[in-house]
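Commentary on secondary and tertiary structure
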Amino acid sequence: MSYRAPVRSLLAVMSASPAFDQGLGLADGLDRDTVAAILEAAGRFAEDTLAPLNSVGDRHGCNLTPDGVTTAPGFAKAYRAFSLGGWNSLSADPAYGGQGLPKILEMAVFEIFQGANMAFSLCPMLTQGTIEALAKHGDARQKALYLPPLVSGEWTGAMALTEAQAGTDLAALSTRAEPDSQGGYRLFGQKIFITWGDHDCADNIVHLVLARLPGAPEGVKGISLFLASKHHVGSDGSLGERNDFRAIGLENKLGIHGSPTCVIQYEGARAERIGEAHEGLAQMFTMMNAARLHVGVQGVGIAERAFQQALAYAGERRQGKSAFTGQANAVLFDHPDVRRQLLLMKAKIAAGRAMCLAAAAASDLSCMGADADIRESARLREEFLTPIVKAWCTDMAVQVASDALQLHGGAGYIEETGAAQCYRDARIGPIYEGVNAIQAVDLAFRKLPMVDSRAWREHLGELSRTGADLIARSESSLQRLGHSLAQAQNYALKSADWLLAQGRTPGALAGAGAFLTQVGDLLAAEALGKQALVSSLGVAMADVFSNSVLSGAAGLTTAAMQGARSIETLTPQDLS
């Protein structure tokens, strides 16, 4: 089936957000009609240009040639159209050619693009992160030279962190940067898993590379951030000869075949340092946190695509007798469990969408809020939501894609239907930009206690108000949702208090994953509760989510607080 951009759903979630109107006020001339027009234009581009290339990228993949990486047929042309359409510059600073639009609108647009073609959309996603890192940490010359072509999409960006011996443990990276006596540096080393590290879609690629200077301290405190351009860039922005780094391999992956995942060899590549020496990890986290929010949005986008395919199949495939009407040769949608599954998928996607847009709205207010306290509260909210959005939404995407494939039956296991591609593509989300277990540790031991747990306490206050609003309604279904939300909140509070009391102990670390799931479920239920207050579909979605997911809150508290007794003396031999 053809992908349909969920413009109406995005507008509904955005309009229901109190932060949406605040975000509109951050850009001159932006109103609800303009937002709708932008989303509709993005939808047309996604449906007409990107979606038809989704299976093309999956089938053809990318190729490594002596001249570099070539992408699947149609990708380079589509990227040029993407850039010319202004889609790369939505939220960037107008001083560098950007449109200065709110992050919440950019995230909504990118959900559409990710759903249409996840492999393609990884390219501009990495470029957005490069722009944000340079805008925050680059000097005036670097911003003036590199930001305009990155913002326009004429050039793209890539993030070069991972090494074979140093995956999540960046303290172990060994790529080195040696001064070249001309004010610059030469990079030596190899990076792996570099998304869109080389390709034929743009004239130039800007790599942000983590490396060590001579005599740098051991561990993460000795890492610096460098910029290495595929082609040397003149003082006037003109492109010169090829730099000394290249792709020497392409990974053969489970999914996202249209996205080149490169092994990059730096062979004395010319580079320049960004910011202060030995501050590279903090600087790179600007790019990584931007990417984590985008990956959460990506999870919602691919889940939406999988759901659309499953819903269409359920409305066409005939199998057995309807449990509702007794009619023979009924469509799959007339079987209760299929209908329940589809409603639950819809609910999870709606909740994930609301969570992602809430994080984007917080990002907007953290930069442009009316006063310092609003900006600080929004900053803490964005930081708190980032690991939840990244992990919960990508885990949700894998589950929705799996359920969608299952709903197709045997046809789902056949590549022809496209259900298998959704599942394969979705599976990378919980892995890259920091595996979800790392997000859980970040939430429990960094974001939960930060600033005396202010972000957590403010979320609890909002949850309580939503629950009270539901309980105050006359409809019994809404009252039940309110009581379920309050009960789940108490369980999550119990888990949080236990983790805060334990500190970074083995037992608390073992329970962090369950806690992130629990908080994600709670925030998802709150988002659905708000939708239940304004629509009958919202009531149905919140009800099925409460009964199928939120009802597990007590078990997640048990899991979060189980401690390390069963694993503290465990050895690999015990499990062999």
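All of the points below concern the structure found in this document. (Residues numbered from 1 in each chain as written. Predicted model: local features only at pLDDT ≥ 70, side-chain atom pairs only at ≥ 80, totals over all residues. Heavy atoms only, no water.)

So, on to the overall build of the protein chain. From N to C terminus, the protein chain includes 19 helices and 11 strands. Here the protein chain has a C-alpha radius of gyration of 24 Å; the compact-globule value for 576 residues is 25 Å, and the two agree. For the protein chain, buried positions account for 58% of its 576 residues. Partitioning the contacts of the protein chain with sequence separation of at least 6, the portion at a separation of at least 24 is 72%. Counting 49 positive and 59 negative side-chain charges, the protein chain places the averaged centre of each group 4 Å from the other. (Helix = DSSP H or I, 4+ residues; strand = E, 2+ residues; numbered from the N terminus. Rg over C-alpha atoms; globule rule 2.2 N^0.38 Å. Buried < 20%, exposed > 50% of the residue type's maximum accessible area, 1.4 Å probe, protein only. Contact = heavy atoms within 4.5 Å. Lys, Arg positive; Asp, Glu negative; His and termini not counted. Charge placed at Lys NZ, Arg CZ, Asp CG, Glu CD.)

Once that is clear, we can look at the side chain of His 335. Within the element layout of this structure, His 335 appears in the loop between helix 9 (280-316) and helix 10 (336-368). Among the polar contacts made by the side chain of His 335, one reaches the main-chain carbonyl oxygen of Gln 319 at a distance of 2.5 Å. When near neighbours in sequence (up to four residues on either side) are disregarded, His 335 contacts Gln 319, Gly 320, Lys 321 and Phe 324. (Polar contact = N/O pair within 3.5 Å; in protein donor to acceptor, adjacent residues only side chain to side chain.)

So, about the pattern of salt bridges. The final tally for this structure, using the stated rule, is 23 salt bridges. The partner of Asp 198 in a salt bridge is Lys 230, with the nearest N and O atoms 2.7 Å apart. Placement of Asp 198 in the loop between strand 5 (185-195) and strand 6 (204-212) and of Lys 230 in the loop between strand 7 (223-229) and strand 8 (231-233) is noted, with a sequence separation of 32 residues between them. Across the pair, exposure class does not vary: Asp 198 and Lys 230 are buried alike. (Salt bridge = Lys/Arg side-chain N within 4 Å of Asp/Glu carboxyl O.)

Further remarks concern the packing of aromatic side chains. What the rule picks out here adds up to 16 aromatic pairs. Ring centres of Phe 45 and Phe 113 lie 6.0 Å apart, and the angle between their planes is 80°; this geometry places the pair in the edge-to-face category. In this pair, Phe 45 sits in helix 3 (residues 32-50) while Phe 113 sits in helix 6 (residues 103-116), placing the two residues 68 residues apart along the sequence. An aromatic cluster of three or more residues is present, and its members are Phe 45, Phe 75, Tyr 79, Phe 82, Trp 87, Phe 110, Phe 113 and Phe 120. Directly above the ring of Phe 324 sits Arg 339, whose terminal nitrogen or CZ lies 4.0 Å from the centroid. (Phe/Tyr/Trp six-rings, centres within 6.5 Å; stacked < 30°, edge-to-face > 60°. Lys NZ or Arg CZ within 6 Å of the ring centre and 35° of its normal.)

This part covers the environment of Met 355. Looking at where Met 355 falls in the secondary structure, it is placed in helix 10. For Met 355, a relative accessible area of 5% gives the class buried. Met 355 sits 58 residues away from Val 297 along the chain, and the two C-alpha atoms are 9.2 Å apart. Once residues within four sequence positions are removed from consideration, Met 355 is found in contact with Ile 388, Val 389, Trp 392, Gly 520, Leu 523 and Ala 524.

Our next topic: the pairing of strand 3 (residues 155-160). Of all 6 residues in strand 3, 6 are buried, a share of seventy percent or more. Here strand 3 shows no split at all, with Trp 155, Gly 157 and Met 159 on one side and Thr 156, Ala 158 and Ala 160 on the other all buried. When strand 3 meets strand 6, the two strands line up parallel, connected through 6 bridges. Within strand 6, the residue paired with Trp 155 across the bridge is Asn 204. (Pairing = 2+ DSSP bridges.)

Turning to the nonpolar core, a few remarks are in order. In terms of nonpolar packing, the biggest core is built from 165 residues, with Leu 39, Ile 112 and Phe 113 touching the most fellow members. Element by element, the count of residues in this core is highest for helix 9, at 16 residues. Of all hydrophobic cores here, the second largest spans 21 residues; its members include Leu 187, Ile 194, Ala 211 and Leu 213. (Core = buried A, V, L, I, M, F, W, Y, C linked by side-chain atoms within 4.5 Å.)

It is worth spelling out unusual backbone geometry at this point. The backbone phi angle of Glu 433 is positive, close to 60°, even though this residue is not glycine. Here Glu 433 lies in the loop between helix 12 (419-426) and helix 13 (436-447). Phi is positive for Val 451, which is not a glycine, with a value near 50°. With respect to the secondary-structure elements, Val 451 resides in helix 14 (residues 450-471). Overall, Val 451 belongs to the partly exposed group, its relative accessible area being 45%.

Compared with an ideal rise of 1.5 Å per residue, which puts 14 residues at 20 Å, helix 6 spans 20 Å between its outermost C-alpha atoms and is within 8% of the ideal. Burial within helix 6 is extensive, with 14 of its 14 residues counted as buried. (Expected span 1.5 Å × (residues − 1).)

With that settled, consider the environment of Ala 277. You can see Ala 277 is positioned in the loop between strand 11 (261-274) and helix 9. Counting along the chain gives 52 residues from Ala 277 to Leu 225, while the straight-line C-alpha distance between them is 7.7 Å. For Ala 277, the residues in contact, after removing those within four places along its chain, are Leu 213 and Ser 224.

Moving on to a nonpolar patch on the surface. A surface patch of nonpolar side chains, amounting to about 200 Å² of accessible area, comprises Ile 431, Val 435 and Ile 438. When you line up the elements, Val 435 lands in the loop between helix 12 and helix 13. Classification of Val 435 as partly exposed rests on a relative accessible area of 31%. (Patch = residues over 30% accessible without salt bridge, like charges linked within 9 Å, V, L, I, M, F, W, Y side chains within 5 Å. Areas by Shrake-Rupley, 256 points an atom, 1.4 Å probe, with all protein chains shown as cover.)

Counting buried positions over the 9 residues of strand 6 gives 9, a clear majority of the element. Of the two faces of strand 6, the one holding Asn 204, Val 206, Leu 208, Leu 210 and Arg 212 and the one holding Ile 205, His 207, Val 209 and Ala 211 are both buried throughout. By the bridge criterion, 7 bridges tie strand 6 to strand 7 in an arrangement that is antiparallel. In the strand pairing of strand 7, Arg 212 is matched with Ile 223.

Okay, the packing of helix 10 against helix 11 (residues 372-407) next. At their nearest, the axes of helix 10 and helix 11 sit 8 Å apart, and the two run at 155° to each other. Here helix 10 is positioned roughly antiparallel relative to helix 11, judged by the angle of their axes. For the crossing formed where helix 10 meets helix 11, the hand is left-handed. Considered class by class, the residues forming the contact of helix 10 with helix 11 number 22 nonpolar, 5 polar and 6 charged. (Axes fitted to C-alpha atoms, helices over the stretch in contact; angles between N-to-C directions. Parallel < 35°, antiparallel > 145°, perpendicular 65-115°, else oblique. Left-handed = near helix turned anticlockwise from the far one by under 90°. Nonpolar A, V, L, I, M, F, W, Y, C, P; charged D, E, K, R; others polar.)

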